[in-house]
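Chain by chain, the residues run as shown.
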Amino acid sequence: MRLFLFGILCATLLSCREYHSFNAPVPISGYQINGKVTSKNGVALDDVTVRVYYNYTKTRTTLMDTINFIITDTAKVLQVSVFDAQGRYLKNLFTGIPSPGPLPRFFFDAIGDTIPSGKYFIKYQYDAIVVKTLPVLIEGKITATSDYKGEFIIEYDALPVGEEFDMYDESRHYAGTFRVDKNIDLFLKKGTKSSTYSIVVQKDFITKRTFTIE
């Protein structure tokens, strides 16, 4: 069964070699990928888009979201909003008077490439009370683009390694709770050419790699 948040990779996984010329400070707090993209001849490639996909380990078969809030007062407004990992407002999912009964569940599908892969939050506020705030994982989005030197950086907000998320299938049925593994898949594309790499990130150190577009 394909999970709602899983992406389908369309290229063969390739190996990559370590790259040491970036000047970002080491060590860091959390996870970060510093990459450089070149042609087969070693020429730096700009405007290469980088999509981030995750690998998971199933940790439980019961929801982390155990808050069962019951709506009884239909005179109050429910507002459901999406925030990024830094707490910045991104999008409104619902504002209105909900029907009596259990708090409805809302999903952030993130259609298109307007946001990068990574961790987000859905906040449910009923009248003046924040009922709950749920973490959501989005993947398969353009998360970085190489500059004129062929370099790009994927920062910690897009690398929530070790964190757990409730996930749902395409029918929006709960499929389990999964932990993000250290093995990160990157899909690089420039024009009609693309490559997919699988790399293992290390906590509190910058992972540096050079990638080649085939």
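What comes next is a walk through the structure. (Residues numbered from 1 in each chain as written. Predicted model: local features only at pLDDT ≥ 70, side-chain atom pairs only at ≥ 80, totals over all residues. Heavy atoms only, no water.)

Quick look at the packing of aromatic side chains now. Inspection of every chain in the model, using the stated rule, returns 10 aromatic pairs. When the ring of Tyr56 is compared with that of Phe178, the centres are 6.1 Å apart and the planes differ by 75 degrees; the resulting orientation is edge-to-face. Taken together, the positions of Tyr56 in strand 4 (residues 49–60) and Phe178 in strand 14 (residues 174–190) put the pair 122 residues apart, joining distant regions of the chain. Taken as a pair, Tyr56 and Phe178 share a single burial class, namely buried. Ring geometry for Phe83 versus Tyr89: centroids 5.8 Å apart, planes at 75 degrees, classification edge-to-face. (Phe/Tyr/Trp six-rings, centres within 6.5 Å; stacked < 30°, edge-to-face > 60°. Helix = DSSP H or I, 4+ residues; strand = E, 2+ residues; numbered from the N terminus. Buried < 20%, exposed > 50% of the residue type's maximum accessible area, 1.4 Å probe, protein only.)

Further remarks concern unusual backbone geometry. The backbone of Asp47 shows a phi angle near 55 degrees, a positive value even though the residue is not glycine. Structurally, Asp47 can be placed in the loop between strand 3 (31–38) and strand 4. Unlike most non-glycine residues, Asp204 shows phi in positive territory, near 65 degrees. Mapped onto the elements, Asp204 comes out in the loop between strand 15 (193–200) and strand 16 (205–212).

So far we have only geometry, and geometry alone does not tell us how the molecule works.
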